[in-house]
Amino acid sequence: MFSNAEIGIDLGTANILIYAKNKGIVLNEPAVVAIDIHTKQVVAVGTEAKEMVGKTPRNIVPIRPLKDGVIADYDVTAQMLKAFLRRLSKKMGMSMRKPTVVVCTPTGSTTVERRAIHNAITSYGAKNVHLIEEPVAAAIGADLPVDEPIANVIVDIGGGTAEIGIISLGGVVSSSSVRVGGDKMDEEIIQYIRKKYNILIGERTAENIKMELGYAHPNHKEEVMDVRGRDMVTGLPKTISITSKEIYEAIKESLEQILQAIRNTLENCPPELSGDIVDHGIVITGGGSLLKGMKEWLSNELVVPVHLAPNPLESVAIGTGKAIKMISKLEKAVK
């Protein structure tokens, strides 16, 4: 047991990760809450709630309280965080009384959105809450030398947003954020299959298709997969075969938006730092960086080396945890 715990929280659109000092990542769960609409009680959180999506009775509704990297439902987010922190207290024998918490916020988040995040954490009883920008957390978690006077370019492609940041001397030199990520790609796959085949599929099916058949590069060896859904004409279940080339067509627009955001950020980079980018390249992280061919495609389009972070899915959470040690320096950079 130890009180005054120090934890870092990655409030992701798709997953919530919690990093505890000296223990590493102690929680990695989907950001989903199942609520009974009659009693307003939380029925399940995390993995248990995600497994209920599309399969619940009418009175139980699975909610994703974080949209596009920011809090869409404040009360549900606060309840979800409390449930996760309570679970941690039991599982690890950690006293979560008055913890010091570092939370990452998207680059484009407003003062109101930041305050919502701050309030959701303090409502649990946190002693100190520090907010740092997501690209900075991702860069720290990817072991980039953020303190040095060189350009560290990080591209974090998450569930709700793609965050691009150029970091030097512990602060953000140039950044941009687009509300495009894994969720938007899933939605585009759903729409594509509905328009082309008159078949309705769910979010989980779309996510599986993206992971199996999703390619960032147009030139790839074609793969085929059987997909089950509901025929919109007959209302009966139906199985169709879909190819990776079709999925590329479906998600192409999202990929172009991410590429454009990276280009815009690089164009705003001071000339002194541009040379570093040519030498050291770009580091990609987040779930979207695991899309097949993403590294090669970005490298071809931007004509700079592109590297995959050591732990793409955990970089931001690891960075928020490590930032506890260097918070005073980072706070100056955020203000």
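As a reminder, the structure under discussion sits directly above these lines.
Analysis parameters
- Residues numbered from 1 in each chain as written.
- Predicted model: local features only at pLDDT ≥ 70, side-chain atom pairs only at ≥ 80, totals over all residues.
- Heavy atoms only, no water.
- Helix = DSSP H or I, 4+ residues; strand = E, 2+ residues; numbered from the N terminus.
- Buried < 20%, exposed > 50% of the residue type's maximum accessible area, 1.4 Å probe, protein only.
- Contact = heavy atoms within 4.5 Å.
- Polar contact = N/O pair within 3.5 Å; in protein donor to acceptor, adjacent residues only side chain to side chain.
- Pairing = 2+ DSSP bridges.
- Patch = residues over 30% accessible without salt bridge, like charges linked within 9 Å, V, L, I, M, F, W, Y side chains within 5 Å.
- Areas by Shrake-Rupley, 256 points an atom, 1.4 Å probe, with all protein chains shown as cover.
- Salt bridge = Lys/Arg side-chain N within 4 Å of Asp/Glu carboxyl O.
- Arc of directions from axis to C-beta.
- Axes fitted to C-alpha atoms, helices over the stretch in contact; angles between N-to-C directions.

## Describing the environment of Ile258
Tracing the backbone shows Ile258 in helix H7 (residues 244-267). Look at Ile258 and you get buried, because its relative accessible area is 1%. If sequence neighbours within four positions are ignored, Ile258 has contacts with Ile157, Ala162, Val180 and Met185.

## A short note on the environment of Asn28
Here Asn28 lies in strand S3 (residues 24-30). Judged by relative accessible area, which is 37%, Asn28 ranks as partly exposed. With 56 residues separating them in the primary sequence, Asn28 and Phe84 have C-alpha atoms 9.8 Å apart. Excluding anything up to four places from it in sequence, Asn28 contacts Asn15, Ile16, Leu17 and Glu314. Polar side-chain contacts of Asn28 include one of 3.2 Å to the side chain of Asn15.

## Notes on the pairing of S3
A large share of S3 lies buried, amounting to five of its seven residues. Here strand S2 (residues 15-20) runs beside S3; their pairing, made up of six bridges, is antiparallel. Counterpart to Asn15 in the pairing with S3 is Pro30. With antiparallel pairing between neighbouring strands as the criterion, S2 and S3 make up a hairpin whose turn holds three residues, including Asn22 at a positive phi of roughly 70°.

## Some words on unusual backbone geometry
Of note in this structure, Leu169 is not a glycine but carries a positive phi near 50°. If you trace the backbone, Leu169 turns up in the loop between strand S12 (162-168) and strand S13 (171-178). Judged by relative accessible area, Leu169 falls into the exposed class, the value being 56%. The phi angle at Val303 is positive, at roughly 55°, despite the residue not being glycine. By secondary structure assignment, the location of Val303 is in the loop between helix H9 (294-302) and strand S18 (306-308).

## Some details on a nonpolar patch on the surface
On the surface, Leu290, Leu308 and Leu313 cluster together into a nonpolar patch covering about 270 Å² of accessible area. One can find Leu308 in strand S18.

## Looking at the pairing of strand S1 (residues 6-11)
Burial analysis of S1 places five of its six residues in the buried class, the great majority of the element. For S1 and strand S9 (residues 100-105), the ladder comprises four bridges, and the chain directions are parallel. When the sheet's bridge partners are listed, Glu6 is paired in S9 with Thr100. Across five bridges, the pairing between S1 and S2 is antiparallel. Across the sheet, residue Ile7 finds its bridge partner in S2, namely Ala20. The turn joining S1 and S2, which pair antiparallel and follow one another in sequence, is formed by three residues.

## A few points about the pattern of salt bridges
Should their charged atoms come close, side chains of opposite charge can pair. On inspection of all chains with the given rule, the structure shows 15 salt bridges. Taking the shortest distance from any N to any O, the salt bridge between Lys184 and Glu188 comes out at 4.0 Å. Taken together, the residues span about one helical turn, with Lys184 and Glu188 both in helix H5 (residues 182-197) at a distance of four residues. The exposure class assigned to Glu188 is buried, which follows from its relative accessible area of 13%. Residue Lys252 is joined to Glu249 by a salt bridge in which the shortest nitrogen-to-oxygen separation is 3.4 Å.

## Regarding helix H6 (residues 203-213)
Listing the buried residues of H6 in full gives Ala206, Ile209, Lys210 and Leu213. An end-on view of H6 places all buried positions within 100° of arc, on one side of the element. Tucked inside the fold, the buried residues of H6 contact H5, strand S15 (224-231), strand S16 (237-243) and H7.

## Some remarks on the sheet that holds strand S14 (residues 199-200)
Taken in spatial order, the three strands of this open sheet run S14-S15-S16, and their pairing is antiparallel. Sheet topology places S14 and S16 at the edges, where each strand pairs with a single neighbour. By the bridge criterion, seven bridges tie S15 to S16 in an arrangement that is antiparallel. For Val227, the partnering residue across the bridge sits in S16 and is Ile240. Packing against the sheet, H5 makes contact with S14 and S16, and its axis sits at approximately 110° to S16.

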